[in-house]
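The primary structure of each chain is shown beneath.
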Amino acid sequence: MVTTDTIDELTATAKRIRRSIITMLTEAGGGHPGGSLSAVEILCALYFDVLQHDPKRPDWPDRDRFILSKGHAVPVLYATLAEAGYLPVEELMTLRKLGSRLQGHSKINTVPGIEMSAGSLGQGLSYGIGQLLAGRLDGRDFRVYCLLGDGECQEGQTWESFMCAPFHQLDRLVAIIDRNGVQNDWFVNETMEIDPLDAKLAAFGWHVISVDGHDLRQLLDALEEAKGVTGRPTAIIAKTVKGKGVSFMENNPAWHGKAPSAEQMEQALAEIGE
Amino acid sequence: MTAVSPALAATREAFGPTLIRLAKEGLPIVVVDADLGASTTARKFRDEYPDRFFSVGIAEQNMIGISCGLAAAGKVAFCSTFGVFLPGRCFDQIRVSVAQTGLNVKMVASHGGISVGEDGISAQSIEDLAIICSLPGVWVIVPADVEEARQAIETAARTPGPFYIRTGRPKIPVIYDDTYRFQLGKAHLLRPGSDVTVIALGIMVHRALDAATALEQEGIDCRVLNMATLRPLDEEAIVAAARETGAIVTAEEHLIHSGMAAMVSQVVGSKCPVPMGAVGMRDQYAESGRWEELLEKYHLTAEEIVRQVKEVMARKQGARSDGRSG
């Protein structure tokens, strides 16, 4: 049972992660705030309640894997990893700068805790399937959590992997779709509609759960439910708001891939709060 | 060391059996296949190790991603399909998930070149080496016969990092016996010579040897190098050939403007310019036909190598008599 204390703690952590995203992107002068802010609660729920992981042993073979397939949202992952102790919080300010470990899109073997390179969409879930097939051969029982964007679901490879995971009955796999409704240029449903995504995934053999992706209790319940599913993978369709927490960014395609100015940063931090 | 044998074998025949042998020795080999396992010979591995063989169906992009996941979890991950699909159908996945990660993924592409034959141009890969060689950090090997293919596959399995190995469909002469030792990154000197060098690859290697034998009859002393490792190139052997023989002809079953001819030219042009010729596909696709007929029609022959050798030697001698270069 998820306690109110847990939710309060996670809510405070989510606030710090949002603040980090805004400040690091402002300092970098570029990056992707919209899809980073929409995924904050998802990563909070995973890293501070669900994942079996150890920041001191990022190579622990039995760790649960979190794979960020929507690699442009890596600021939310860096900020979360910093909160979890994988890297110093101050290092976040080096994002996108020459010589930094914090590359503009996630790159394997740079920052501890980054499981895979990404940035060209559609590839993360296949990688997660491979990890789980190896885990099964070795008798390891780690789980794989993969975060995809909703625009990313337009990529063909995504559907190759959606077809493959139920075939192998990978019940330790959870695909989380950040359903924020906005892609690079415009709204998803006016670009290339992916709905009814729940029915499509169910038809492919997935156990599908739809949640409010900013409601930590709903997220934690869904992730707990996924652990009990046997014989098939779980897809959590997390309805989110792109740019969540910053009024002028929310649901605005213009904030997919640009950094706030110094003044905009002040307004954003004021809205997010301490 | 290089006993010329009348035996015939396809380089693809080395794939499945070599993986079985290595798995029996304890290597954590897994195979990811995209519905061409009978042709690549990967299915032989499935028969022995069904739990370590994964067919993704006709989904090459997924094949690469799954191979990467298996590799990251400690497996020696081989994946295979035809050279027209690997790398062509999954280039971006190879670029981002294999080349940019350095993961331990071994790509084995069979049915390289036009010697695929009757299936025609959609099945004939004459661009694959250009595509895969464009990527930093990927070893690229084109074995010249089945023995070299066995050793190249074993070397790839035992050496960390990404590999691409191109095998072929037709049965071709066996050049090497089991006393041969494939050396990764090193051209193999098959025949010494001081007048000219033929640098050959894959199916063209035995044709280069035939050409050298014919040239010997005419008093031309032709060096033959098997450039089995195409990436990174053995620059030392190329420069030595240029310096010591003064003329080079390359021979490959691939487009010359983006293949070994272009890569060798880059080294020769910048380090030791000498007259060069190139046997290979010239800015066109082939057609359906029996493989021997195709190689004949598109001039991938010992006769064409001989013709070009004479041409570069004439240019070399012309340059000498003009006093412009040595």
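Conventions and cut-offs
Residues numbered from 1 in each chain as written. Chains lettered and ligands numbered in written order. Predicted model: local features only at pLDDT ≥ 70, side-chain atom pairs only at ≥ 80, totals over all residues. Helix = DSSP H or I, 4+ residues; strand = E, 2+ residues; numbered from the N terminus. Rg over C-alpha atoms; globule rule 2.2 N^0.38 Å. Buried ≥ 20, exposed ≤ 12 C-beta atoms within 10 Å, placed from the backbone. Arc of directions from axis to C-beta. Contact = placed C-beta atoms within 7 Å. Pairing = 2+ DSSP bridges. Right-handed = clockwise from strand over helix to strand, strands pointing away. Axes fitted to C-alpha atoms, helices over the stretch in contact; angles between N-to-C directions. Parallel < 35°, antiparallel > 145°, perpendicular 65-115°, else oblique. Left-handed = near helix turned anticlockwise from the far one by under 90°. Nonpolar A, V, L, I, M, F, W, Y, C, P; charged D, E, K, R; others polar. Core = buried A, V, L, I, M, F, W, Y, C linked by C-beta atoms within 7 Å. Domains from an automatic or database assignment.

## With respect to the overall build of chain B
Counting secondary structure elements, chain B contains 12 helices and 14 strands. Scaling as 2.2 N^0.38, a compact globule of 326 residues should have a C-alpha radius of gyration of about 20 Å, and chain B matches this with 19 Å. Taken over the C-alpha atoms alone, chain B extends approximately 65 × 40 × 35 Å along its principal axes. For chain B, the residues scored as buried account for 59% of the 326 residues in total.

## Side note on helix α1 (residues 15–24) of chain B
Helical geometry: 3.6 residues make up each α-helical turn, so side chains three or four residues apart lie on a common side. Residue and element names in this part refer to chain B. Taken together, the buried positions of α1 are Phe15, Gly16, Thr18, Leu19 and Leu22. All buried residues of α1 lie within an arc of 165° about the axis, which places them on one face of the element. Turning to α1, the residues buried within the fold contact β2 (29–33), α2 (37–40), α3 (43–48), β4 (76–82), β5 (105–110) and α7 (146–158).

## A short note on the pairing of strand β13 (residues 248–255) of chain B
All names here are of chain B. Of all eight residues in β13, eight are buried, a share of seventy percent or more. Of the pairings in the sheet, the one linking strand β10 (residues 196–200) to β13 comprises four bridges and is parallel in character. Looking across to β13, one finds that alanine 200 is bridged to alanine 251. Two strands pair when backbone bridges link them, and β13 and strand β14 (residues 276–281) are joined in this way by five bridges, in the parallel orientation. Considered in β14, the bridge of isoleucine 248 is made with methionine 276. For the crossover from β13 across helix α10 (residues 260–271) to β14, the handedness is right-handed.

## Remarks on the packing of helix α1 (residues 4–28) of chain A against helix α4 (residues 74–84) of chain A
Residue and element names in this part refer to chain A. Closest axis-to-axis distance for the α1/α4 pair is 9 Å, and the angle between their directions is 125°. Considering their axes alone, α1 and α4 lie oblique with respect to each other. In this structure, α1 crosses over α4, and the sense of that crossing is right-handed. Contacts between α1 and α4 involve Thr13, Arg16, Ile17, Ser20, Ile21, Met24 and Leu25 on the former and, on the latter, Pro75, Val76, Ala79, Thr80, Ala82 and Glu83.

## Things to note about the interface of chain B and chain A
Every contact between the two is made by 23 residues of chain B and, on the other side, 19 residues of chain A. At the level of elements, α4 (60–72) and α5 (91–99) of chain B are the ones that each hand at least two residues to the side of chain B that touches chain A. Looking at the side of chain B that touches chain A element by element, the count peaks at nine residues for α4 of chain B. Per-class residue counts for the side of chain B that touches chain A are nine nonpolar, 10 polar and four charged.

## Focus on the environment of aspartate 8 of chain A
Topologically, aspartate 8 of chain A is positioned in helix α1. Each C-alpha atom, one on aspartate 8 of chain A and one on leucine 216 of chain A, is 9.6 Å from the other, the two residues being 208 residues apart in sequence.

## Regarding the nonpolar core
Within the largest apolar cluster, 199 residues are counted, with the highest numbers of intra-cluster contacts made by Val198, Ala208 and Val309 of chain B. Residue contributions to this core peak at eight residues, all from helix α3 (residues 40–50) of chain A. Summarising the domain contributions, this core has at least three residues from each of domain 1 (9–173) and domain 2 (188–316) of chain B. Each residue touching valine 198 of chain B, except ones within four places of it in the same chain, is listed here: Ala208, Ala211, Ala212, Cys222, Val224, Val249, Ala251, Ile305 and Val309 of chain B.

## Topic: helix α9 (residues 235–245) of chain B
All names here are of chain B. The complete set of buried residues in α9 reads Ile238, Ala241, Ala242 and Thr245. One face of α9 carries all of its buried residues, which in axial projection span an arc of 105°. Packing partners of the buried residues in α9 comprise β10, β11 (222–226), β13 and α10.

## Some points on the environment of glutamate 293 of chain B
With respect to the helices, strands and loops of the structure, glutamate 293 of chain B is situated in helix α11 (residues 291–297). Once the C-alpha coordinates of glutamate 293 of chain B and alanine 208 of chain B are considered, the two residues, 85 residues apart in sequence, prove to be 18 Å apart.

## Comments concerning the sheet that holds β10 of chain B
All names here are of chain B. Spatially, β9-β11-β10-β13-β14 is the arrangement adopted by the five strands of the open sheet, whose pairing is mixed. Edge positions in the sheet fall to β9 (188–191) and β14, since each of these pairs with one other strand and no more. For this sheet, the mean inter-axis angle between neighbouring strands, taken without regard to orientation, is 25°. Strands in contact with α10 are β10, β13 and β14; relative to β13, the strand with the most contacts, it is inclined by about 145°.

## Describing the domain arrangement of chain B
Bring the parts together and some accessible area is lost; that lost area is often taken as the interface size. Residue and element names in this part refer to chain B. Looking at chain B, the domain boundaries give domain 1 (9–173) and domain 2 (188–316). Centre-to-centre separation of domain 1 and domain 2, based on C-alpha positions: 26 Å. Counting from both sides, the interface comprises 28 residues of domain 1 and, opposite them, 27 residues of domain 2. Among the secondary structure elements, those contributing two or more residues to the side of domain 1 that touches domain 2 are α6 (128–133), β6 (139–141), α7 and β8 (172–173). Grouping the constituent residues of the side of domain 1 that touches domain 2 by class yields 17 nonpolar, seven polar and four charged.

## Re unusual backbone geometry
The amide bond that connects aspartate 195 of chain A to the next residue, proline 196 of chain A, takes the cis arrangement and shows omega of 0°. Examined against the element boundaries, proline 196 of chain A turns out to sit in the loop between α7 (188–191) and α8 (197–203). Backbone torsion omega between leucine 86 of chain B and proline 87 of chain B reads 20°, so that peptide bond is classified as cis. Tracing the sequence through the fold places proline 87 of chain B in the loop between β4 and α5. Phi at arginine 96 of chain A takes a positive value of approximately 70°, unusual for a residue other than glycine.

## Description of the packing of α9 of chain B against α10 of chain B
Residue and element names in this part refer to chain B. Interaxial distance between α9 and α10 falls to 10 Å at its minimum, and their mutual angle equals 60°. With respect to α10, the axis of α9 lies oblique. Here the hand of the crossing between α9 and α10 comes out right-handed. Counting all contacts with α9, which are made through Glu235, Ile238, Val239 and Ala242, the residues of α10 involved are Val264, Val267, Val268 and Lys271. Grouping the constituent residues of the contact of α9 with α10 by class yields six nonpolar, no polar and two charged.

## Quick look at the sheet that holds strand β5 (residues 234–239) of chain A
What links the strands of a sheet is backbone hydrogen bonding, and the strands pair in either a parallel or an antiparallel sense. All names here are of chain A. The five strands lie next to each other as β1-β2-β3-β5-β4, forming an open sheet whose pairing is parallel. Taken across any chain shown, the strands that pair with only one partner, and hence form the sheet edges, are β1 (65–68) and β4 (207–212). Strand-to-strand twist in this sheet, taken as the mean axis angle between neighbours without regard to direction, amounts to 20°. Two strands pair when backbone bridges link them, and β1 and strand β2 (residues 144–149) are joined in this way by four bridges, in the parallel orientation. Looking at the pairing, arginine 65 lines up with valine 144 of β2.

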